[in-house]
Amino acid sequence: RSSDLPWALIRSSASVVRAGTVWKHGGSSSQLLRLFSNHGSVFSDNKILVNMDDATGVAVVTMKSPPVNSLSLDFLTEFAIGVEKLEMQRGCRGLILTSALPNVFSAGLDITEMCGKSAEHYGAFWRAVQEIGRAH
């Protein structure tokens, strides 16, 4: 893992920090995606879309898990895989985390993952939560 990458996790109306420069953006996530999607690679799973702009080194990771982008085991697994793919791209200097859902960023952890499941599921869920905490 490259732990020296300056990751910027933001909402679509916040500032983006990249290599000491602050970019202000107040538009929608689709406008933000267009801002950083001139050239590069795109990969998508069911719950996230990753668009890497090779010219800027900035990846836009768009959450697309209706209704509230809750952090389920499936979502966390896809997110971790997406970040690992970005970490393997030497040109990636940072990422922007945004939502495809209007007026919703994320509700946070999916509480349905924390009740009525097996011990193995709980272990897998909390390992996925911890993995996201280590992603940088």
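Fair warning: this is a prediction, and the values are worked out from it, not measured in the lab.

Turning to the overall build of the protein chain, a few remarks are in order. Helix and strand content of the protein chain: 3 helices and 6 strands. Tracing the protein chain from N to C terminus, the helices and strands come up as β-β-α-β-β-β-α-β-α. Residues counted as buried form 40% of the 136 residues belonging to the protein chain. Counting every atom, the protein chain has about 7,400 Å² of accessible surface; 55% of that belongs to carbon and sulfur.

Let us look at the sheet that holds strand β5 (residues 58-63). On the basis of which strands lie adjacent, the open sheet formed by 4 strands has the order β3-β4-β5-β6 and mixed pairing. Because the sheet does not close on itself, it has two edges, and the strands there are β3 (42-44) and β6 (94-99). When the angles between neighbouring strand axes are averaged without regard to direction, this sheet yields 15 degrees. In this sheet, β6 lies alongside β5 in parallel orientation, the contact comprising 6 bridges. Bridge pairing in β6 places V61 opposite L97.

By the secondary structure assignment, D74 is in helix α2 (residues 73-88). For the pair D74 and F125, spaced 51 residues apart in sequence, the C-alpha to C-alpha distance is 8.9 Å.

So, on to the pairing of β5. Along β5, 6 of the 6 residues are buried, which leaves the element largely enclosed by surrounding structure. Alternating residues of β5 divide into V58, V60 and T62 and A59, V61 and M63, and every residue in both groups is buried. Relative to β5, strand β4 (residues 48-53) runs antiparallel, the two sharing 6 bridges. Along β5, the bridge assignment pairs M52 with A59. Taken together, β4 and the strand that follows it, β5, pair antiparallel across an intervening segment of 4 residues, in which G57 is found at a positive phi of about 80 degrees. Where the polypeptide runs from β5 across α2 and back to β6, its parallel neighbour, the crossover connection is right-handed.

Rules used in this analysis
- Residues numbered from 1 in each chain as written.
- Predicted model: local features only at pLDDT ≥ 70, side-chain atom pairs only at ≥ 80, totals over all residues.
- Heavy atoms only, no water.
- Helix = DSSP H or I, 4+ residues; strand = E, 2+ residues; numbered from the N terminus.
- Buried < 20%, exposed > 50% of the residue type's maximum accessible area, 1.4 Å probe, protein only.
- Areas by Shrake-Rupley, 256 points an atom, 1.4 Å probe, with all protein chains shown as cover.
- Pairing = 2+ DSSP bridges.
- Axes fitted to C-alpha atoms, helices over the stretch in contact; angles between N-to-C directions.
- Right-handed = clockwise from strand over helix to strand, strands pointing away.

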